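# Coordinate analysis (summary)
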Amino acid sequence: MPEVQRITVGHAIAAFLEQCGIKAAFGVISIHNMPILDAMGERGHIRFVPARGEAGATNMADAYARTTGGLGVCLTSTGTAAGNAAGAMVEAWTAGTPLLHLTGQIETPFLDRGMSYIHEAPDQLSMLKSISKAAFRVRSADTAMSVLRQAVQVAMTAPRGPVSVEIPIDIQAALIPAPHNLQPLPVAAMAPSADALDALAEALAQARRPMLWLGGGARGAGAAVKRLRDMGFGIVTSTQGRGVLPEDDAHSLGAFNLQAPVEAFYQTCDAMLVVGSRLRGNETLQYRLNLPRARYRIDADPAADGRCYPNHRFVLGDAALALDGLADRLAGRMRIDERFLPDLQTARAQASATLRDGLGAYGDLADTLQRRTGRHFNWVRDVTVSNSTWGNRYLKVFDPLAGVHALGGGIGQGLAMGIGAAIGAAATGSGKKTFCLSGDGGFILNLGELATAVQERAGVVFVLMNDRGYGVIKNIQDSQYGGRRHYVDLHTPDYAALSASLSLRHVRVSRVEDMAAALEFAELEAGPCLVEVDMLSIGAFKSVFAGPPVKTAGAA
Ligand SMILES: Cc1ncc(C[n+]2csc(CCOP(=O)(O)OP(=O)(O)O)c2C)c(N)n1
């Protein structure tokens, strides 16, 4: 009888990740994940990026997944290390990113026994469950690979999300017979019911001014969206749905989804179909944005039926399948009002012009950047005034895998996300450039990852909007706290000196006119470059941004 080849569970996991199409993974090495990372290194097929912290590693894996369209993978140790990943896991969960978080666990004989074993985190699994779509514990070497395969399937199934798996260190190192099948499990797209689609098509066929509102759940539905666009539908997106249709398309309102001219335009629309969108509070004026009265909804999550806004009809299913089914039923039936498209374009032009005007000098800066990005790029953003104003909508994106931003509102994640997106572009050979926008308050939060960027020669242009403080908080203090500016001025590094110490290329922009040359310099060489925009020299925005817009009480 031939001898059965035996490999460690860690080795099988590395081989499985290769079968999942993973080209790069992120993490921090530790006793509690070394059997996996040793195998990954020895096999040599997956690029492992050693981040400086687990928060950064998880943000990197998140951005890798969002910009490549596949699964992201991060590896942490147990205890504090898994805890360090928590904020970034919350962001991945908010954004619906398919992410596999592998974390170690102490040895099985000592697990859950309160014996003060080093790296022990009592009830770690409960923490992991509360910050992810699902969390699993591997309980034996024999079942390790079936748990891993299930975890990846759960992460990849819509509505997608991050999944944690904790694997006790003795199990990682245990020998098992080399598995015959390490293919990932199939991921089924949920088929919508034909009856539900028939009814939805009947309703929409009557519309003369129909809108589609697309969220992140519609990112894979570009072809079907294009069919409906060609029948005359107008398109608007949430920030997560940006680029499903290129934002310079004549039918697109881009992500200008809540500005006053657009809200007025909605009142002239006779139908809105919301697809794969949460209708989040900060994108709907806290649910008070007046959407068209006739509202319909498609979502892979049954809980979306009637959530945030009532809807007349709800179709449960995969966005691409549902929209294709709808387009089949509507072909040749739409009679679009001839004023609809010009009205949509007027609303967008007004919203864009008002926004542009409010930027003051930064309007030219954004235009300069847009000229440099071309059409094929990653646009990664931290939470900063510059993103809330122009980054989130004024700067156009042209494909659904271009945009990454901290959807949950947590500052400090952009820097690492920029690295993950750049590594994704390099690992998949997509040829995308990566631009990453941060404020100085967010940038310093995870500053150690700059060393990772240099070490990995990540091709990312960091655009750092430096106003030496928490700009948006100051604005909120001015508008709501009588101008009492507590705790918002920050001791700020000399970024030229800091960059020099890291061997990171750096250029400072003190006048908007210098931005074009700075970006040219940034792209002269491969690898990262820090473009520091000195906002104190350039001056303030013309319009003040003091947090997500809301409707004042009593407003319609
Ligand atoms: C993780 C986290 N901590 C704290 C906050 C609160 N917060 C929101 S914006 C902000 C200031 C950001 O400053 P900066 O990055 O310099 O951007 P700016 O507001 O100056 O544009 C803070 C502290 C947050 N959103 N997330």
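Per chain, residues are indexed from 1 in the order of the written sequence. In keeping with the predicted nature of the model, local features appear solely for residues at pLDDT of at least 70, side-chain atom pairs appear and are counted solely at 80 or more, and the whole-chain, interface and lining totals rest on all residues. For side-chain calculations, the full set of non-hydrogen atoms in the structure is used, while hydrogens and water are omitted.

## Topic: the overall build of the protein
- Comment: elements are numbered from the N terminus, with helices defined as DSSP H or I runs of at least four residues and strands as E runs of at least two. The secondary structure content of the protein amounts to 22 helices and 19 strands.
- Taken over C-alpha atoms, the radius of gyration comes to 24 Å for the protein, in line with the 24 Å a tight globule of 556 residues would show.
- Summarising its shape, the C-alpha atoms of the protein cover approximately 75 × 60 × 45 Å along the three principal directions.
- Within the protein, buried positions represent 56% of all 556 residues.
- Of the contacts made within the protein by residues no fewer than 6 positions apart, 75% connect residues no fewer than 24 positions apart.
- If you sum the accessible surface of the protein, you get close to 21800 Å²; carbon and sulfur atoms cover 54% of it.
- Charge counting treats Lys and Arg as positive and Asp and Glu as negative, with His and both chain ends excluded. Where a charge sits is defined by one atom per residue type, namely NZ (Lys), CZ (Arg), CG (Asp) or CD (Glu). If you average the places of the 52 positive and of the 52 negative side-chain charges in the protein, the two averages end up 5 Å apart. Values of the radius of gyration come from C-alpha atoms, whereas the globule rule sets the reference at 2.2 Å times the count of residues to the power 0.38. Each residue gets one of three labels from its accessible area relative to the maximum for its type: buried under 20%, exposed over 50%, partly exposed in between, using a 1.4 Å probe on protein chains only. Contacts were defined at the residue level, with two residues in contact if any of their heavy atoms lie within 4.5 Å. Per-residue accessibility takes into account occlusion by the displayed protein chains alone, with areas from the Shrake-Rupley method and a 1.4 Å probe.

## With respect to the pairing of strand S2 (residues 24-27)
- Where burial is concerned, the two faces of S2 agree: the one with Ala 24 and Phe 26 and the one with Ala 25 and Gly 27 are both buried.
- Note on pairing: DSSP must find at least two bridges between two strands before they are called paired. Alignment of S2 against strand S3 (residues 47-50), held across four bridges, turns out to be parallel. Within S3, the position partnered with Phe 26 by the bridge is Val 49.
- By convention, a crossover is right-handed whenever its connection, traced from the first strand over the helix to the second and viewed with the strands pointing away, goes clockwise. Read from S2 through helix H2 (residues 34-43) to S3, the crossover connection turns out right-handed.
- As paired strands, S2 and strand S4 (residues 72-76) are joined by two bridges and run parallel to one another. Within the sheet, the bridge partner assigned to Gly 27 lies in S4 and is Leu 75.

## Quick notes on the site of the ligand
- By nearness alone, 16 residues border the ligand, and Thr 384, Gly 441, Gly 442, Gly 471 and Val 472 come closest of all.
- Throughout this description, a polar contact denotes any pair of N or O atoms lying within 3.5 Å of each other; where both atoms belong to protein, one of them has to be capable of donating a hydrogen while the other can accept it, and for residues adjacent in sequence the pair is counted only when both atoms sit in side chains. In this structure, an oxygen atom belonging to the ligand sits 3.2 Å away from a side-chain N or O atom of Asp 440.
- Residue Asp 467 places a side-chain N or O atom 3.1 Å away from an oxygen atom belonging to the ligand.
- Contact with the protein chains removes 74% of the 580 Å² of surface that the ligand exposes when unbound.
- Looking at the shell around the ligand, the elements with two or more residues in it are helix H17 (440-445) and helix H19 (471-480).
- Residue polarity follows a fixed list, in which Ala, Val, Leu, Ile, Met, Phe, Trp, Tyr, Cys and Pro are nonpolar, Asp, Glu, Lys and Arg are charged, and the others, Gly among them, are polar. Its residues placed into classes, the shell around the ligand shows six nonpolar, eight polar and two charged. We call a residue near a given molecule or strand whenever any one of its heavy atoms falls within 4 Å of it.

## Things to note about the environment of Lys 432
- The residue Lys 432 is located in the loop between helix H16 (414-428) and strand S16 (433-439) in this model.
- Taking C-alpha positions, Lys 432 is 4.5 Å from Phe 377, a pair spaced 55 residues apart along the chain.
- Within polar-contact distance, the side chain of Lys 432 engages the backbone oxygen of Thr 67 at 3.2 Å.

## A word on the pairing of strand S11 (residues 271-275)
- With five of five residues buried, S11 is to be regarded as a mostly interior element.
- Side chains of S11 alternate between two faces, with Ala 271, Leu 273 and Val 275 and Met 272 and Val 274 buried alike.
- As judged from the five bridges shared by strand S9 (residues 210-214) and S11, these two strands associate in the parallel manner. Bridging across to S11, Pro 210 finds its partner in Ala 271.
- Relative to strand S12 (residues 295-299), S11 is paired through four bridges, and the arrangement is parallel. The partner of Val 274 across the bridge, within S12, is Arg 297.

## What to know about the sheet that holds strand S7 (residues 162-168)
- The parallel open sheet is built from six strands, whose spatial order is S3-S2-S4-S5-S7-S6. Looking along the sheet, the strands with just one partner apiece sit at the ends: S3 and strand S6 (134-137). The average angle at which neighbouring strand axes cross in this sheet is 20°, direction not considered.
- Bridge count for S4 against strand S5 (residues 99-105) is five bridges, and the pairing is parallel. Paired with Cys 74 across the two strands is His 101, which belongs to S5.
- Helix axes use the C-alpha atoms of the stretch in contact, all axes being lines fitted to C-alpha atoms, and the angles between their N-to-C directions lie in the range 0 to 180 degrees. Packing of H2 onto the sheet brings it into contact with S2, S3, S4, S5 and S7, and relative to S4 it is tilted by some 130°.

## A word on the packing of helix H10 (residues 222-230) against helix H12 (residues 319-330)
- Between H10 and H12, whose axes approach to 8 Å, the crossing angle comes to 30°. Classified by the interaxial angle, the pair formed by H10 and H12 is roughly parallel. Every pair of crossing elements has a handedness; the one defined by H10 and H12 is left-handed. Counted together, Ala 224, Val 225, Arg 227 and Leu 228 of H10 and Ala 320, Leu 323, Asp 324, Leu 326, Ala 327, Asp 328 and Leu 330 of H12 form the full contact between these two elements. The labels follow the angle: roughly parallel below 35 degrees, roughly antiparallel above 145, roughly perpendicular from 65 to 115, and oblique for the rest. Take the far helix as your reference; a near helix turned counterclockwise from it by less than a right angle gives a left-handed crossing, and one turned clockwise gives a right-handed crossing.

## Focus on the sheet that holds S9
- Taken in spatial order, the five strands make up an open sheet running S10-S9-S11-S12-S13, and their pairing is parallel. With one partner strand each, in any of the chains shown, strand S10 (234-237) and strand S13 (313-316) form the two edges of the open sheet. Neighbour-to-neighbour, the strand axes of the sheet open up by a mean angle of 20°, direction not taken into account.
- One ladder, built from four bridges, connects S9 with S10; its direction is parallel.

## Points about the packing of aromatic side chains
- Only Phe, Tyr and Trp rings take part, Trp by its six-membered ring, and two of them pair if their centres are within 6.5 Å. Stacked means planes under 30 degrees apart, edge-to-face means over 60, and tilted covers everything else. In this structure the tally under the stated criterion is eight aromatic pairs.
- Between Phe 110 and Tyr 117, the aromatic rings sit 4.7 Å apart at their centres with planes inclined by 15°, giving stacked as the arrangement.
- Take Phe 110: its relative accessible area is 25%, and that puts it in the partly exposed class.
- Seen from their ring centres, Phe 377 and Phe 435 are 6.5 Å apart, and the 75° between their planes marks the pair as edge-to-face.

## Thoughts on the nonpolar core
- Counting 55 residues, the largest nonpolar core has Tyr 266 and Trp 390 as its most contacted members.
- It is helix H13 (residues 340-358) that contributes the most residues to this core, five residues altogether.
- If sequence neighbours within four positions are ignored, Tyr 266 has contacts with Trp 213, Val 236, Leu 253, Phe 256, Asn 257, Met 272, Leu 289, Asn 290, Leu 291 and Pro 292.
- With 40 residues, the next largest nonpolar core counts Phe 26, Met 89, Met 417 and Val 460 among its residues. Only buried Ala, Val, Leu, Ile, Met, Phe, Trp, Tyr and Cys residues count toward a nonpolar core, and they belong to the same one when joined by side-chain atoms within 4.5 Å.

## With respect to the side chain of Thr 58
- Among the secondary structure elements, Thr 58 is positioned in helix H3 (residues 54-68).
- With residues near it in sequence (within four places) discarded, Thr 58 still touches Cys 74, Ala 85, Ala 88, Met 89 and Leu 99.

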